[in-house]
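# Architecture and fold: a report
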Amino acid sequence: MNENICCYIRFIRQSPRHGGESVADVLRAHGVKFVFTLVGGHISPILVACEKLGIRIVDTRHEATAVFAADAVARLSGTVGVAAVTAGPGLTNTVTAVKNAQMAESPLLLIGGAAATLLQGRGALQDIDQMSLFKPLCKFCASVRTVREIVPTVRKALAIAQSGTPGPVFIEFPIDTLYPYHVVEKEFAPKNTPKGLMGKIIAWYLQNHLSNLFAGAWETCDLSPLSVHIPHATENEVQRCVELVSRAKKPVILLGSQATLPPTPADDVRKALESLGIPCFLGGMSRGMLGKNSPLHIRQNRRDALKEADLVLLAGTVCDFRLSYGKVLNRQSKIIAVNRDRSQLLKNSDMFWKPTVAIQGDAGSFLLRLSKALKGHRCPEEWPRILKEGDTIKEKANRAKADEKTERHLNPLSVLHRVDELLAEDSILVADGGDFVGSAAYIMRPRGPIRWLDPGAFGTLGVGGGFALGAKLCRPESEVWIVYGDGSLGYSVAEFDTFTRHKTPVIALVGNDACWSQISREQVPLLGSNVACGLAFTDYHIVADGYGGKGYLIGREDESQLDDIFKKAQKECREGKAILLNVLIGKTSFREGSISV
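All residue numbers here refer to positions counted from 1 along the written sequence of the relevant chain. In keeping with the model being predicted, local features are shown solely for residues with a pLDDT of at least 70 and side-chain atom pairs are shown and tallied solely at 80 or more, while totals for entire chains, interfaces and linings include all residues. The basis for the side-chain values is all heavy atoms of the structure; hydrogens and waters are excluded.

The name that an unreviewed UniProt entry assigns to the protein is 2-hydroxyacyl-CoA lyase 2, with the source organism given as Sinocyclocheilus grahami. According to the UniProt record, the Sequence similarities (unreviewed entry) comment for the protein is "Belongs to the TPP enzyme family." The UniProt entry for the protein carries the following text under Subcellular location (unreviewed entry): "Endoplasmic reticulum membrane". UniProt positions are given in the numbering used here, feature names are shortened, and annotations may be inferred rather than shown by experiment.

### Focus: the pairing of strand 7 (residues 251-255)
Burial classes: relative accessible area under 20% of the type maximum marks a residue as buried, over 50% as exposed, and values in between as partly exposed (1.4 Å probe, protein chains only). Helix and strand definitions here come from DSSP, where helices need a minimum of 4 consecutive H or I residues and strands a minimum of 2 consecutive E residues; each element is numbered from the N-terminal end. In terms of burial, strand 7 is largely enclosed, as five of its five residues are buried. With burial as the criterion, each face of strand 7 is covered, one bearing P251, I253 and L255 and the other bearing V252 and L254. In this description, strands pair whenever DSSP reports at least two bridges between them. Sheet topology places strand 7 next to strand 9 (residues 311-315); five bridges connect them, and they run parallel. Of the residues in strand 9, the one forming a bridge with I253 is L313.

### Quick look at the domain arrangement of the protein
Quite often, the size of an interface is put as the accessible area lost when its parts meet. What the domain assignment lists for the protein is domain 1 (19-214), domain 2 (235-384) and domain 3 (402-584). Once you take the C-alpha centre of each, domain 2 and domain 3 turn out to be 31 Å apart. Only heavy atoms enter the contact rule, under which two residues are in contact if any of them lie within 4.5 Å. Each partner contributes to the interface: domain 2 provides 15 residues, whereas domain 3 provides 15 residues. Taken over both partners, the interface formed by domain 2 and domain 3 buries close to 1300 Å², and the fraction arising from carbon and sulfur atoms is 54%. Each salt bridge in this description consists of a side-chain nitrogen of Lys or Arg and a carboxyl oxygen of Asp or Glu lying within 4 Å of one another. In this structure, the connection of domain 2 to domain 3 is made through zero salt bridges. Under this definition, polar contacts are N or O atom pairs within 3.5 Å; protein pairs additionally need one hydrogen-donor-capable and one acceptor-capable atom, and for neighbouring residues in sequence, both atoms have to be side-chain atoms. Between the two partners, domain 2 and domain 3, sit five residue pairs in polar contact (both at pLDDT 80 or more). For this classification, the nonpolar set comprises Ala, Val, Leu, Ile, Met, Phe, Trp, Tyr, Cys and Pro, the charged set comprises Asp, Glu, Lys and Arg, and every other residue, Gly included, is treated as polar. A breakdown of the residues in the side of domain 2 that touches domain 3 according to their chemical character gives four nonpolar, six polar and five charged. Bear in mind that the domain bounds are from an automatic or database domain assignment. For any pair of parts, buried area is found by adding up, for both, the accessible area (1.4 Å probe) each one loses once the two are put together.

### Quick word on the nonpolar core
Nonpolar side chains tend to gather and get buried jointly when the protein is soluble and globular. We call a set of buried Ala, Val, Leu, Ile, Met, Phe, Trp, Tyr and Cys residues a nonpolar core when their side-chain atoms join them within 4.5 Å. With 52 residues, the main nonpolar core has L255, L273, L313, L314, I336, F366 and L370 as its most contacted residues. Aside from chain neighbours lying at most four places away, what touches L314 is L254, C319, L323, L329, I335, I336, A337, V338 and W353. In terms of nonpolar packing, the next biggest core, distinct from the first, is built from 51 residues, F134, L453, A468 and V493 among them.

### Structural notes on the environment of D486
Within the secondary structure, D486 sits in helix 20 (residues 486-492). Residue classification places D486 among the buried positions, given a relative accessible area of 4%. A C-alpha to C-alpha distance of 30 Å links D486 and Q258, two positions 228 residues apart in sequence. Ignoring sequence-local partners within four residues, the contact set of D486 consists of V510, G511, N512, D513, A514, C515, L535 and Y540. Within the local environment of D486, its side chain forms a polar contact with the backbone nitrogen of A514, the two atoms lying 2.9 Å apart. Polar contacts involving the side chain of D486 include one to the main-chain amide nitrogen of C515, which spans 3.3 Å.

### Observations concerning a nonpolar patch on the surface
Note that patches include only residues with greater than 30% relative accessible area and no salt bridge, and the join distances are 9 Å for like charges and 5 Å for nonpolar side chains (Val, Leu, Ile, Met, Phe, Trp, Tyr). Working definition of accessibility: Shrake-Rupley area with a 1.4 Å probe, residue cover restricted to the visible protein chains. Taken together, the side chains of L197, M198, I201 and I202 present a nonpolar region at the surface, about 430 Å² in accessible area. As for its placement among the helices and strands, I202 is situated in helix 10 (residues 196-214). For I202, a relative accessible area of 45% gives the class partly exposed.

This is the structure:
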C-alpha cells in the first residue's frame, strides 16, 4: 500500500475530529446563532461542536417547542431557524410543528439523529423510516451516508429552505456519521479475530464500510452560503398592474405574511403602501406593518369592503378558509394576486374567484415596484376615509362590549383593552389559543411589522412557548407577550422552566374561563352537550412559580388594580422573571356565531 495512503488512514483513525464539527462549521458560516434542541445521544456531537463555535444551544422541554422556537427565529431574523432532535420519538414529536412551518412558509432546518448506517432496518434503538415521514412535510430531505457528504448536504438544504416559497428542510444524520473514527470502529469492529472464511469476509466488509464512511472526511470544503432563488414579477406584469391600479376608484390591499419575507425590508414595504394610499387589511406576520394608528389600516368590516371594492390586490394572501375560499371577493372586481407559490396563488380559482392578473413572485418587492411606477398617483382619499369611519364605529361598539359586566369573573375584552393600552412600543405578541386569542386579534394592536406571531394557516395550538422563546432570543430588548387560552397553555406551560434556565423572561396572559370555549360556543347550541369542553379554574400561576417564574391570580376583586398589576408584571419581567398572569374571565357575546372548523 502507498505510504501516503497508509499515513492518511492512520491520521483518520487517530483524529479526534467528528462529523458534528462539520455541521457546526456550516451553520456558523451561514450566520446561525441558535440551535434549539431536546438532547439525545444521537445528536450530541452536533450540539457540543456548535457550542464550541459560539452557537447558542437552547434546550427545551419538548421537541415540538424546539421546532416552534426555530420557526419564530426564522420569521423574526430573516434567516433559517435550526432545531436538532434525536432519532425515533424525538423526530415524531416534531411532526405537527414541522407541518405548521410548512404551511406558514417558514424556512427552518430540522436535524435528526438516526440509527447507524449499518444497523438501519435491523431493529436498532429508535430506528424507524424517518425519511418517509418527512418527505411530505419538507421541501428537501436527505440522509447523510458518509462524513464527506455533511458539508455539501447542509449547504444545499439551507439554500433550498430559503428559495422560492420558504419552508422546512430535513437532514437525517446516522450516528456513525457524527462520532470520531475510533468510537465508531470500537462499536463495529469484531471483538475477537474472526475465524473461517465467512468471519473474514464480514470483518473485511465492516472495515471497508468504515473506511468509506470516513474517506475524504476532513478535506477542505467551501462552507459559504449557496445562492437563494426568489421569483419576481416581470416588467410586463408590473406594468399591467400599474394600469389597473391607476384606474381603480375603490382599491383594497390584502397583505399576507409573504410581504414580510426577505430580501425586501418591512420598512420599505410600509413606505410603498403609504405612497400608494390604498386602504389595507393586514394578516399574519404583516399585522403591524402600518403601525398602531395608520389611516390606511382597516381592521373591521372586511367583508363589506371587499363587496364594494373595484380592485383587490392579494399580496401574499391566499383564498383559503380565511377568505371563505374566495367567495367573499366581488366577481365584478379586478383581482391582482401575487404569491411565490403557484398552488397558493391560484387556490380555489377554479371555483369561486378568478384573478385578473396572477403573478408568481415576491409580494414585498412587487409592492415596491408598483409604488415606484405609480409615483405621484394616490388612491382617491374619500375611499379610505369612508372605510376608516366604519372602523371607528365598529371599534366603539366593541369597546362598549368591554364595559359590560359578565355574570362572573372579569370581562375578557376589558382585560385585553387594558393590556393593549400598556404595551411597550417594541412589544412582540405571540398568539396561542382559540376564543380568547380570537378576541385579542380584534383588540390588540402590534406596534410594527413582524411583531405578531400566530401559527398561520394550520391553526396549531401549542406554539406559545416556542414562539416566545425564539422571539425573546432574537429581540432580547423587546417585551414579549404570549396571549394564551387556558386550553392552549397546557401544551407548553413546562417551558416556563426553559424561560428560567435560559434567562428569557416573557409575560404570559392567560384567559382562564375553564373551558375550550372556541369549541363549546358551537357544540352546545348545535349538539346540546358540553362534553370534553370543560376544564377547571386551575391554579396555573402556582405552576409558573414552581418552574422558577412568577405567577399572579387575577379575578374580579382585582378589577380596579388591573393596570397596577400589569405594570408590576412588566417591571418584574424587565428584571428577569418570566411572568404568568392567570386571569379568570367570564363569557361575553363577542364573536358569537364564529366557527372553529
